[in-house]
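Letter by letter, the chains look like this.
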Amino acid sequence: MEAIPSVDVSQVRFDETVDVAVVGLGVAGASAVMGARQAGADVLAVERSGGPGGTSAHSGGLIYLGGGTALQIACGFEDSPENMAVFLRAALGPDGDDDRVDVYCEGSPDHFDWLVSIGVPFRASFCDEPNRESADDAGLLFSGGEDSYPFDELATPVPRGHKPQCVDSAGGFLMQRLGAAVSSSGARVAVDAGAEALVVDGGEVVGLLVRTDDGTRAVRVRGGLVLAAGGFIHNEAMVAEYCPLAHVPDPAWRIGTPNDDGRGIRMGVGAGAATSRLDSFECALPLGPPHRLARGILVNASGERFINEDAYTGRIGLHALRDQDGWIFMITDDVIHESNPIGLRIGFAAASPEELAVDLGIPPDALARTVGDYNDAATRGEDPAFHKRAPFLQPIGEPPASGIGAIDLRVDHGAIYATFTLGGLATDSTGAALDGEGGRVPGLYAAGRTAASLAAHHYASGISLGDGSFFGRRAGRHAAERGRAGHTS
Ligand SMILES: Cc1cc2nc3c(=O)[nH]c(=O)nc-3n(C[C@H](O)[C@H](O)[C@H](O)COP(=O)(O)OP(=O)(O)OC[C@H]3O[C@@H](n4cnc5c(N)ncnc54)[C@H](O)[C@@H]3O)c2cc1C
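My aim in this report is to walk through the structure given alongside it, one point at a time. (Residues numbered from 1 in each chain as written. Predicted model: local features only at pLDDT ≥ 70, side-chain atom pairs only at ≥ 80, totals over all residues. Heavy atoms only, no water.)

**So, the nonpolar core**
Nonpolar side chains in soluble globular proteins tend to be buried together. Going by this rule: The set of buried Ala, Val, Leu, Ile, Met, Phe, Trp, Tyr and Cys residues whose side-chain atoms join them within 4.5 Å is what this entry labels a nonpolar core. For every residue, the accessible area (1.4 Å probe, protein chains only) is compared with the maximum for its type, and the residue is labelled buried under 20%, exposed over 50%, or partly exposed between those bounds. Segments assigned H or I by DSSP are reported as helices when at least four residues long, segments assigned E as strands when at least two residues long, and all are numbered from the N terminus. Note on contacts: a residue pair qualifies if any of its non-hydrogen atoms lie within 4.5 Å across the two residues.
Ranked by internal contacts, the top residues of the largest apolar core, which has 60 residues, are Val20, Leu88, Tyr104 and Ile463. At the level of elements, strand S2 (16–23), helix H1 (27–38), strand S3 (43–47), strand S4 (63–64), helix H3 (81–92), helix H4 (98–117), helix H5 (171–183) and helix H12 (463–484) are the ones that each hand at least two residues to this core. Beyond its immediate sequence surroundings of up to four residues, valine 20 is in contact with Ala36, Ala41, Asp42, Val43, Leu44, Val221, Gly224, Val226, Gly476, Ala479 and Ala480. With 54 residues, the next largest nonpolar core counts Val221, Phe232, Ala246 and Ala446 among its residues.

Structure below.
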């Protein structure tokens, strides 16, 4: 990675001084501003584009929260921080940050209340279509496969996808509400203002250079600077170096704005911060709604199943891309499918699995064996091979179905494999950037997709807006407190 070198303070004449500066106004930056303002700091936020929003404004708006939020309780679900932590450790790992997970789960109910208090409403209604935002304004859904194998055997399944009260995708609405909170918080906001480099004094971050239409301004920072400038899915060189698989799918499905170019991470590295898990990325392969499509079976090039089809779509996508070379089909029939709501190439002409396999270029014997074994067990209401749950077990291609067919989910045949990066600057659970030797980089904080956070090597929908807002808010608060404490940390 090409780090962006910091500028020594001796080379800089500052134009202004603030307690806390925040770079980027997506969910993490807006939350950092609020955290710092609520701790009494004088805050400047700089945003490279024309206004707040970032990728967050294009998102579905799901926020992963739990541990007994007011919304979970109002919808009749019982959760606890411990139950949530067991799920997150298993679902987002391996090699996650246990301390961070614990802090997140403990603080999650309060964080929900905080979002409500700053103007983000939620409607207490449970939507039973999982994995993507509800089509109406229902506020709660399963968004990480909590109720599917293996997680349903590890922790009590509880829905934790919290969607702000808005019909369909809620990211724009969420950012409108957060943007309004920032505007009325008394923070100063500069748009069309891109952070170019950090200013250091010895090992400490003491300011930043900001490029505006009127030239470059130098801002001195008393307490701390929070980098919340998004991830790096649109930095070709970084993706090629760290997670080349994320660039295999059609570029149209890279999740982010052009400003997800890794600049925040590169500035942090230039100031001495370490990185973590840059090879980690999310890859969602949407198979619904409706979720009943999980009654089909997913097969690879050898005609074999490789996962329980009712799993979280991000889990399926990552396994399909990483372990099956993105070469998979969903085998289904006309009764299960009913229509073609996800708009993929599909045919139901085959009379038998063997005939279908020839069309697909899969070994006929293998597909016939896979379908036969699956159907035998499904008839008994069982799936000993992959533990798909009973509501999704239905023999394929048997009457009243009139034919067996396939949905083409190959990565190079138009299927949606939506990727974005999860690695970034190493931070502790206060949001402070770490130097790779166990110490902090004084004055520097990071949050959102600029930082490696909850998702170690797997994902659950809502984690980005969840950890971005939660740790962004904490980073802002800690940066403000550092200023008040006179730089003791
Ligand atoms: C279609 C879609 C659906 C999604 N659905 C969900 C979902 O439901 N739940 C979920 O959790 N996640 C979802 N995601 C992912 C999620 O939106 C992002 O991972 C998350 O919003 C990242 O937040 P952030 O604050 O880190 O970055 P951003 O929201 O991208 O904000 C970063 C900001 O920094 C600015 N910036 C960049 N560089 C600079 C610079 N040098 N100086 C100043 N400003 C700079 C950018 O312009 C941007 O405004 C979805 C994404 C998409 C596209």
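**Things to note about the environment of glycine 60**
Examined against the element boundaries, glycine 60 turns out to sit in the loop between S3 and S4. Residue classification places glycine 60 among the buried residues on the basis of a relative accessible area of 19%. As for glycine 60 and glycine 462, which are separated by 402 residues in sequence, their C-alpha atoms are 8.5 Å apart. Filtering out sequence-adjacent residues up to four positions away, glycine 60 remains in contact with Glu133, Lys163, Ser169, Ala170 and Gly171.

**Observations concerning the site of the ligand**
Operational definition: Residue proximity to a molecule or strand is established when one non-hydrogen atom of the residue lies within 4 Å of it. Pairs of N or O atoms are called polar contacts if they sit within 3.5 Å, as long as, within protein, a hydrogen donor faces a hydrogen acceptor (for residues adjacent in sequence, only side-chain-to-side-chain pairs). Note on areas: Shrake-Rupley with a 1.4 Å probe; residue coverage comes only from the protein chains shown. Each residue is assigned to one class: nonpolar for Ala, Val, Leu, Ile, Met, Phe, Trp, Tyr, Cys and Pro, charged for Asp, Glu, Lys and Arg, and polar for all the others, Gly among them.
Near the ligand, the surroundings consist of 36 residues, among which Glu47, Ser56, Ala195, Arg449 and Leu465 are the closest. In this structure, valine 27 approaches the ligand through a main-chain N or O atom, which is 3.3 Å from an oxygen atom. Within the side chain of serine 464, a nitrogen or oxygen atom sits 2.9 Å from an oxygen atom of the ligand. Its free accessible area being 1000 Å², the ligand has 90% of it covered by the protein chains. Residues of the shell around the ligand, tallied by class, amount to 15 nonpolar, 16 polar and five charged.

**Remarks on the environment of isoleucine 118**
Assignment of secondary structure puts isoleucine 118 in the loop between H4 and strand S5 (123–126). Its relative accessible area of 12% is what places isoleucine 118 among the buried residues. Once the C-alpha coordinates of isoleucine 118 and glutamate 382 are considered, the two residues, 264 residues apart in sequence, prove to be 47 Å apart.

**Remarks on the pattern of salt bridges**
For clarity, the cut-off: The rule for a salt bridge is simple: a side-chain nitrogen of Lys or Arg has to be within 4 Å of a carboxyl oxygen of Asp or Glu.
For the structure on display, the rule yields 29 salt bridges. The salt bridge partner of glutamate 133 is arginine 132, with a shortest N-O separation of 3.0 Å. We classify glutamate 133 as buried; its relative accessible area is 11%. Here arginine 132 ties to aspartate 168 by a salt bridge, and the two come within 3.5 Å at their closest N and O atoms. With arginine 132 in the loop between S5 and strand S6 (138–141) and aspartate 168 in the loop between strand S7 (161–162) and H5, this residue pair connects regions lying 36 residues apart in the sequence. Taken together, the salt bridges that share partners define one network made up of Glu16, Asp42, Arg188 and Arg217.

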